[in-house]
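Spelled out from the first residue to the last, the chains are:
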Amino acid sequence: MSTTAATTAADAPATQLTWTDNGAAVVISLDGTDILTYTYAADDPQVESPRPYFHPVRTRSGDLVSAYRPHDHVWHKGIAWSLPHLGPDNFWGGPSYRRGQDYQWLPNNGAMRHLETVQAANDDGAFSFAHRLQWVTQRGSVVVQEERSFQVVPGQDASYTLVFETAMSNVSGKDIHIGSPTTEGRENAGYGGLFWRGPRSFTGGKIIGPGGATGEGLRGQRAPWLSFVGQHDETCRFSTVVMVDDPGSAHPEPEWFARSEPFACMGPAPFFRQEVLFQAGTALRFRYGVVIADGTSDADRAEALATAARSVLAGAPAPVQGG
């Protein structure tokens, strides 16, 4: 299937937003540049926990800001919703951390399987996509039904915002504890959630948080947003990625997992150092904005980009609800 649509965004005159869908992935283009590909029917190996992902992710000028299957962690997939400790199951990929045993390769790598597309459309100057998924353990049990949506919203300041939203329903018939390697005993390694892996050239880049705080000391800290500035090989240009928690969320401000060495990565981690009880028959919802911007950023620009994302989150189209 191939579908296209075009629009002119109000805040970016003559902006042309188009998209195509081949039945497994949707590609969004802005002013002729393919800025974002979302693979919703992934076919990665089982040990990598197959799941939807955004890659390649590019700035409006075409610079790549994501990595897919890097050799050090082949289960890292651009930007992806990934949970390493959904009870005993791993929906992150790779080995699982177990208290007192370090990382273990276990037969517990689940998969997030696409069921159906609910929406793929140009929606008032933004591209909107929604689909339904089921989470299947390696043993073959369905434990989660998910409704997921995202929007791509063109912005000013050579940027655009990706709005990501998920609603997960526990259909396993029993309570599930969601945690992280830190809840299993590994210090300051509470990754899990919406996770971004940057390109190799971003190694050694700059992590910037609210109030001008910088560096890997921000890992494990609570904040409404976090940003990363990296430099590209070949072009030598800079790009900025800002991840923002939905200010209207019912959850506490997230703790963050972020690294500059030995590779660039970042993500809000809602299960960082305390397990969350996911009761049978209930739903959990999370929503974030991710700004992809050309150019470097200081503390003031990072704050401005985060503020713009909060405005988008406040006014972004409502997700499609399941029937």
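Up top is the structure these notes are about.
Because the structure is predicted, anything quoted here is derived from the model rather than measured.

1. Let's talk about the pattern of salt bridges
Counted by the stated rule, this structure contains 17 salt bridges. A salt bridge links Arg-287 to Glu-165; its shortest N-O distance comes to 3.2 Å. Taken together, the residues span a long stretch of sequence, with Arg-287 in strand S21 (residues 283–294) and Glu-165 in strand S12 (residues 159–170) at a distance of 122 residues. For Arg-273, the salt bridge goes to Glu-255, with nearest N and O atoms at 2.5 Å. Pair noted here: Arg-273 is in the loop between strand S19 (265–269) and strand S20 (276–278) and Glu-255 is in strand S18 (residues 255–259), with a separation of 18 residues, a long-range link. Classification of Glu-255 as buried rests on a relative accessible area of 8%. When salt bridges with common partners are traced through the structure, they connect Asp-44, Glu-48, Arg-69 and Lys-77 into a single cluster.

2. Focus on helix H1 (residues 299–315)
The end-to-end C-alpha separation of H1 is 25 Å, in line with the 24 Å expected for 17 residues at 1.5 Å each. Next to the buried residues of H1 lie strand S11 (142–154), S12, strand S15 (206–208), strand S16 (225–231), strand S17 (238–245) and S21.

3. Details of the side chain of Ser-227
Here Ser-227 shows up in strand S16. Those residues in contact with Ser-227 that lie beyond four places of it in its chain are Lys-206, Ile-207, Ile-208, Val-241, Val-242, Met-266 and Ala-302.

4. Quick word on the sheet that holds S11
The strands that make up a sheet are held in pairs by hydrogen bonds between backbone atoms, and each pair lies either parallel or antiparallel. The sheet built from eight strands is open, its strands ordered S9-S10-S11-S12-S21-S17-S16-S15 with antiparallel pairing. What marks the edges here is a single partner per strand, and that holds for strand S9 (111–123) and S15. Averaged over all pairs of adjacent strands, the angle between strand axes in this sheet comes to 15°, irrespective of strand direction. In the sheet, strand S10 (residues 126–136) pairs with S11 via 10 bridges, with the strands oriented antiparallel. Bridging from a neighbouring strand, Leu-133 pairs with Glu-146 of S11. In the packing of H1 onto the sheet, contacts are made with S11, S12, S15, S16, S17 and S21, and the angle to S17 comes to roughly 45°.

5. What about the environment of Asp-298?
With respect to the secondary-structure elements, Asp-298 resides in the loop between S21 and H1. At 3.2 Å, the side chain of Asp-298 and the backbone nitrogen of Asp-300 are in polar contact.

Calculation criteria
Residues numbered from 1 in each chain as written. Predicted model: local features only at pLDDT ≥ 70, side-chain atom pairs only at ≥ 80, totals over all residues. Heavy atoms only, no water. Salt bridge = Lys/Arg side-chain N within 4 Å of Asp/Glu carboxyl O. Helix = DSSP H or I, 4+ residues; strand = E, 2+ residues; numbered from the N terminus. Buried < 20%, exposed > 50% of the residue type's maximum accessible area, 1.4 Å probe, protein only. Expected span 1.5 Å × (residues − 1). Contact = heavy atoms within 4.5 Å. Pairing = 2+ DSSP bridges. Axes fitted to C-alpha atoms, helices over the stretch in contact; angles between N-to-C directions. Polar contact = N/O pair within 3.5 Å; in protein donor to acceptor, adjacent residues only side chain to side chain.

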